[in-house]
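Now for the letters of each chain:
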Protein chains: 2
Amino acid sequence: MLDGTEQYRKGGQPTLRDVAERAGVSAMTASRVLRDDPQVLPATRERVRAAATALGYRPNEVARSLRLGRGSGLVGLVVTNLANPFYSRLALGVDSVVVKDGLKTVIGNTGQDLDAERDLVADLVARRVDGIIAVPAGADQRHLAAAVAEGVPVVLASRPPEGFAADCVLVDDFGGARAATARLVERGHRRIGFLGSPPAVYTGTERLRGHAAALAAAGLAVDDRLVRQGQTAPDEAARAAAGLLALRDPPTALFCSNNRNTIGAFRAIRALRARGGADIALAGFDDFELADALGLPLTLVAYDSDELGRAAARLLTARLNTATGPGTATRRSPMPPPRQIVVPTSLVEYGE
Amino acid sequence: MLDGTEQYRKGGQPTLRDVAERAGVSAMTASRVLRDDPQVLPATRERVRAAATALGYRPNEVARSLRLGRGSGLVGLVVTNLANPFYSRLALGVDSVVVKDGLKTVIGNTGQDLDAERDLVADLVARRVDGIIAVPAGADQRHLAAAVAEGVPVVLASRPPEGFAADCVLVDDFGGARAATARLVERGHRRIGFLGSPPAVYTGTERLRGHAAALAAAGLAVDDRLVRQGQTAPDEAARAAAGLLALRDPPTALFCSNNRNTIGAFRAIRALRARGGADIALAGFDDFELADALGLPLTLVAYDSDELGRAAARLLTARLNTATGPGTATRRSPMPPPRQIVVPTSLVEYGE
DNA sequence: CTGTTAGCGCTTTCAT
DNA sequence: ATGAAAGCGCTAACAG
């Protein structure tokens, strides 16, 4: 049973010891060679290298990170819906930056479920991720605060931390929304409807604030009957928009706080137009593919969502490089103060 | 230095031993309690539980999986471009299934770079992922074959394995493309252009085959001058389409092998129409959001891309449950034969 | 330059 | 019902 082929113990992948034995050295020396430690005789080095390739050896990163006391080399990404292009671009941006530090991104899709988000974060912490980048679904962020307390750096994207200190990357929600609504006002609109996400979503309320500010600047007030919050999918948004357009005194323009609502509103407007109804102006937050092809003038608040992810990842890696090892910073240095980055927006006009 | 507060050794997260000490038991007992081993006195159990919550203890999954000899509880997902909705939906489908088995998804975005893909797969293997779901960018799949040889189950999505045995989930590329082209033929088109991905991409050539089959069934031959392969982004596709439409004897219809090409072709057709040119019929593989809103009749080959991911994940988890532990199956049982699943397609018509 | 010892945090024996 | 010892695969820290 214990014959020469014991290198395939368990039929699994070869270990460092297998390599060492085959090369006739100690595990330590093999380890040194494979990590390019210079303190090894060239001849030995070659032997070890040969043994490693012959066996198809791959260092076990799990054992490695356990020994090194570091995290797992993973960054947890917590989002509500990866199918939304906004989140998938964010994910791409995050990943593109963290890979450069030898880290990988673990996706956590919560589907708007707060309990799922809580469990997810707990699990990521248990997995010893090096950090978490999150776009929390709701206003309750205690689970994220807990992660920070346990020494896992958290960076928030597109929402600010609530009740704890953390880095964050925001979009200029207020400014973008104000600019878009101002544009509608410039064009003579006085009754402008608002369609947005549930009030618990930070960006939604912030964009509503910007919308209101633009109205106020023009001496107009927000008419509550023209505000519909709570739609997260295009079909809900279409119904909400249709509701506004069916009012006795309907708005002449709509501003939507995100791409889901804009697309829904577009459908409602097009349907109305098809029935010979009035032309309704449309503006919205978030640029999206084919926005130029809808056959309707459209004003969109654009920003670089890849950059949002990249910036978040940069904040995270910066923090990781400041404080090596979980929890180190909480004791050694007083942990650098949280940083906040705001990604600018611009207005894009798409023609008929 | 070694005073009573040693439970915060390293200032990191508390360990099992910290919990055990606080509860006045051995690490072993603590471990048992936390894994719900019944063999523990209720009183002890309570004490341990209390200590754990007091300390905010979280089992270290890294140490756990090292000890258990299992993988890391991660599934690697290898795709070329997460920003493409096709891939992000796939990712979502994969994740939705694997989380149910307590696994998480690690994303690996290769950006079409073959070397990056090779490195990525090697890294995933080193991280001891429990399995890999991949949509390889090119025809060379030796790195995936190597992963399989090392005992890491691989499932291919949307391309079949080339030169090794693995589970895979395919779309009915041939049938879908044939049906779409047949539809164009039915409508009287005789000169139909083809726009597709680089020839190295399996789906592209398979869809071209389906296209050709439909032409052949109508007694038509593929005119090589009407075939443009190699476009991966909409703007490249738009140029390629414009090229076809500018021929002396231009096609009267275009069939595109994926959503990027369809969108590019749409732009070219719209531009031509805006200049008073002929109306060109358009068909394409992949459904996409707003396809109904382009103001052009459009025939699309639709399929459930979430389901593609879910099916791939199901194949993977099935295999993981068959063979617990890396490499086990290669010895114990002869490893169940690879399975192949084909996701059906349907034709969708979008009106003017 | 190379090897030995020890231990990361956890769990599987095998005692008690 | 509980504990002691050993070890998963790897690598710092010290020998030699």
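Counting restarts for each chain, with residues numbered from 1 along the sequence as it is written. A letter from A marks each chain and a number from 1 marks each ligand, given out in the order of writing. Local features in this predicted model are restricted to residues of pLDDT 70 or higher, and side-chain atom pairs are both shown and tallied only at a pLDDT of 80 or more, whereas totals for entire chains, interfaces and linings draw on every residue.

## Quick notes on the sheet that holds strand E11 (residues 340-343) of chain B
Part 1 of the argument: On the basis of which strands lie adjacent, the open sheet formed by 12 strands has the order E11(A)-E5(A)-E4(A)-E3(A)-E1(A)-E2(A)-E2(B)-E1(B)-E3(B)-E4(B)-E5(B)-E11(B) and mixed pairing. The sheet terminates laterally at strand E11 (340-343) of chain A together with E11 of chain B, the two strands that pair on one side only. In this sheet, neighbouring strand axes are inclined to one another by 20° on average, regardless of whether the strands run parallel or antiparallel.
Part 2 of the argument: Pairing analysis gives four bridges linking strand E1 (residues 74-79) of chain A to strand E3 (residues 131-134) of chain A, with the strands arranged parallel. Paired with Leu 77 of chain A across the strands is Ile 133 of chain A, a residue of E3 of chain A.
Part 3 of the argument: Together, strand E1 (74-79), strand E3 (131-134), strand E4 (154-157), strand E5 (167-171) and E11 of chain B form the strand contacts of helix H12 (residues 305-322) of chain B, whose direction differs from that of E5 of chain B by roughly 165°. A pair of strands counts as paired when DSSP detects no fewer than two bridges linking them. Counting from the N terminus, the helices are the DSSP runs of H or I reaching at least four residues and the strands are the DSSP runs of E reaching at least two. Angles run from 0 to 180 degrees between N-to-C directions of axes, and those axes are lines fitted to C-alpha atoms, restricted for helices to the stretch in contact. Here, residues touch in the contact sense if the C-beta positions derived from the backbone fall within 7 Å of one another.

## Examining the environment of Gly 175 of chain B
Residues and elements named next belong to chain B.
Part 1 of the argument: Here Gly 175 is to be found in helix H8 (residues 173-186).
Part 2 of the argument: Take Gly 175: there are 17 C-beta atoms within 10 Å of it, and that puts it in the partly exposed class.
Part 3 of the argument: Residues Gly 175 and Gly 210, 35 residues apart in the sequence, show an inter-C-alpha distance of 6.1 Å.
Part 4 of the argument: In this structure, Gly 175 is in contact with Gly 210 and Thr 345, ignoring residues within four places of it in sequence. To assign burial, the other C-beta atoms lying within 10 Å of each residue's own C-beta are counted, with C-beta atoms placed from the backbone; 20 or more indicates buried, 12 or fewer indicates exposed, and intermediate counts indicate partly exposed.

## Let's talk about the interface of chain B and chain A
Part 1 of the argument: Taken residue by residue, the interface counts 43 residues in chain B and 43 residues in chain A.
Part 2 of the argument: Of all the secondary structure elements, the ones that give two or more residues to the side of chain B that touches chain A are helix H4 (61-68), helix H5 (85-98), strand E2 (104-109), helix H6 (114-126) and helix H13 (328-331) of chain B.
Part 3 of the argument: At six residues, H5 of chain B tops the list of elements feeding residues into the side of chain B that touches chain A.
Part 4 of the argument: Charged residues are taken to be Asp, Glu, Lys and Arg, nonpolar residues to be Ala, Val, Leu, Ile, Met, Phe, Trp, Tyr, Cys and Pro, and polar residues to be all remaining types, Gly included. Its residues assigned to classes, the side of chain B that touches chain A comprises 18 nonpolar, 15 polar and 10 charged.

## As for the nonpolar core
Part 1 of the argument: Under the definition applied here, buried Ala, Val, Leu, Ile, Met, Phe, Trp, Tyr and Cys residues are grouped into a nonpolar core through C-beta atoms within 7 Å. Judged by nonpolar contacts, the single largest core of 92 residues is most densely connected at Ala 91, Ile 133, Val 155 and Ala 312 of chain A together with Ala 91, Ile 133 and Ala 312 of chain B.
Part 2 of the argument: When near neighbours in sequence (up to four residues on either side) are disregarded, Ile 133 of chain A contacts Val 75, Leu 77, Val 94, Val 155, Ala 157, Ala 312, Ala 313 and Leu 316 of chain A.
Part 3 of the argument: Counting residues in hydrophobic clusters, the runner-up holds 34 residues, among them Ala 283, Phe 288, Ala 291 and Leu 294 of chain B.

## Structural notes on unusual backbone geometry
All names here are of chain A.
Part 1 of the argument: Of note in this structure, Gln 112 is not a glycine but carries a positive phi near 65°.
Part 2 of the argument: We classify Gln 112 as partly exposed; it has 14 C-beta atoms within 10 Å.
Part 3 of the argument: A positive phi angle, near 60°, is found at Arg 128, a position not held by glycine.
Part 4 of the argument: With respect to the helices and strands, the residue Arg 128 is situated in the loop between helix H6 (114-126) and E3.

## Let's talk about the relation of the copies chain B and chain A
Part 1 of the argument: Least-squares fitting of chain B to chain A yields an RMSD of 0.2 Å, with the transformation described by 0.1 Å of translation along the axis and a rotation of 180°. Here the transformation between the copies is reduced to the relation of a two-fold axis. Closest approach to the rotation axis among the C-alpha atoms of chain B is made by Val 106 of chain B, whose C-alpha sits 2.2 Å away.
Part 2 of the argument: Here 100% of the interface residues in chain B have copies in chain A that are interface residues too; the copies meet face to matching face. Only residues with pLDDT of at least 70 in both copies contribute their C-alpha atoms to the least-squares superposition of the copies.

## A short note on the environment of Cys 256 of chain B
Part 1 of the argument: Looking at the secondary structure, you find Cys 256 of chain B in strand E8 (residues 253-256).
Part 2 of the argument: Excluding residues that lie within four positions of it along the chain, Cys 256 of chain B makes contacts with Leu 195, Gly 196, Asn 261, Thr 262, Ala 265, Gly 284 and Phe 285 of chain B.

## What to know about the confidence of the model for chain A
Residues and elements named next belong to chain A.
Part 1 of the argument: The predictor's confidence in any single residue is recorded as pLDDT, a number from 0 to 100. Of all residues in chain A, 93% attain a pLDDT of 70 or more, and the chain-wide mean is 90.
Part 2 of the argument: Overall, residues 1-10 carries pLDDT values under 50, and its contacts beyond four positions in sequence, including any with other chains, amount to six contacts.
Part 3 of the argument: Note that residues 324-333 has pLDDT below 50 and, in this model, 21 contacts with residues that lie over four places away or in other chains.

## Quick notes on the protein's contact with DNA strand C
Part 1 of the argument: A molecule or strand has a residue near it when that residue's C-beta atom, placed from backbone coordinates, lies within 6 Å of it. For DNA strand C, the set of nearby residues contains 25 residues, the closest of which are Met 28, Leu 41 and Arg 67 of chain A together with Leu 16 and Asn 60 of chain B.
Part 2 of the argument: Broken down by secondary-structure element, the contributors of at least two residues to the surface near DNA strand C are helix H2 (27-34) and helix H4 (61-68) of chain A together with helix H2 (27-34) and H4 of chain B.
Part 3 of the argument: Of the residues in the surface near DNA strand C, the class split is 12 nonpolar, nine polar and four charged.

## Quick notes on the protein's contact with DNA strand D
Part 1 of the argument: With respect to spatial proximity, 25 residues lie near DNA strand D, and among them Leu 16 and Asn 60 of chain A together with Ser 26, Thr 29 and Arg 67 of chain B are the closest.
Part 2 of the argument: Looking at the surface near DNA strand D, the elements that each hand over two or more residues are H2 and H4 of chain A together with H2 and H4 of chain B.
Part 3 of the argument: Broken down by element, the surface near DNA strand D gets its largest block of residues, five residues, from H4 of chain A.
Part 4 of the argument: Looking at side-chain class alone, the surface near DNA strand D contains 12 nonpolar, nine polar and four charged residues.

## Comments concerning the sheet that holds strand E8 (residues 253-256) of chain A
All names here are of chain A.
Part 1 of the argument: On the basis of which strands lie adjacent, the open sheet formed by six strands has the order E7-E6-E8-E9-E10-E12 and mixed pairing. With partners counted over all chains shown, the strands left at the sheet margins are strand E7 (227-229) and strand E12 (346-350), one partner each. Strand-to-strand twist across the sheet, computed as the mean angle between neighbouring axes with direction ignored, equals 15°.
Part 2 of the argument: Summarising the sheet, E8 and strand E9 (residues 281-285) pair through four bridges and their orientation is parallel.

## What to know about helix H1 (residues 16-23) of chain B
Residues and elements named next belong to chain B.
Part 1 of the argument: Among the residues of H1, those classed as buried are Asp 18, Val 19, Ala 20 and Ala 23.
Part 2 of the argument: In this structure, the buried side of H1 is in contact with H2 and helix H3 (42-55).
Part 3 of the argument: Note on H1: the residue one or two positions beyond its end, Gly 24, has a positive phi of about 70°.

## Here's the deal with the packing of H2 of chain A against helix H3 (residues 42-55) of chain A
All names here are of chain A.
Part 1 of the argument: Put simply, H2 and H3 touch, their axes get as near as 9 Å, and they point 85° apart. With respect to their mutual orientation, H2 and H3 come out roughly perpendicular. Across from Thr 29, Ala 30, Val 33 and Leu 34 in H2, the residues of H3 making contact are Thr 44, Arg 45, Val 48, Arg 49 and Ala 52.
Part 2 of the argument: A breakdown of the residues in the contact of H2 with H3 according to their chemical character gives five nonpolar, two polar and two charged. Any angle that falls under 35 degrees is termed roughly parallel, while one over 145 is termed roughly antiparallel, one within 65 to 115 roughly perpendicular, and all others oblique.

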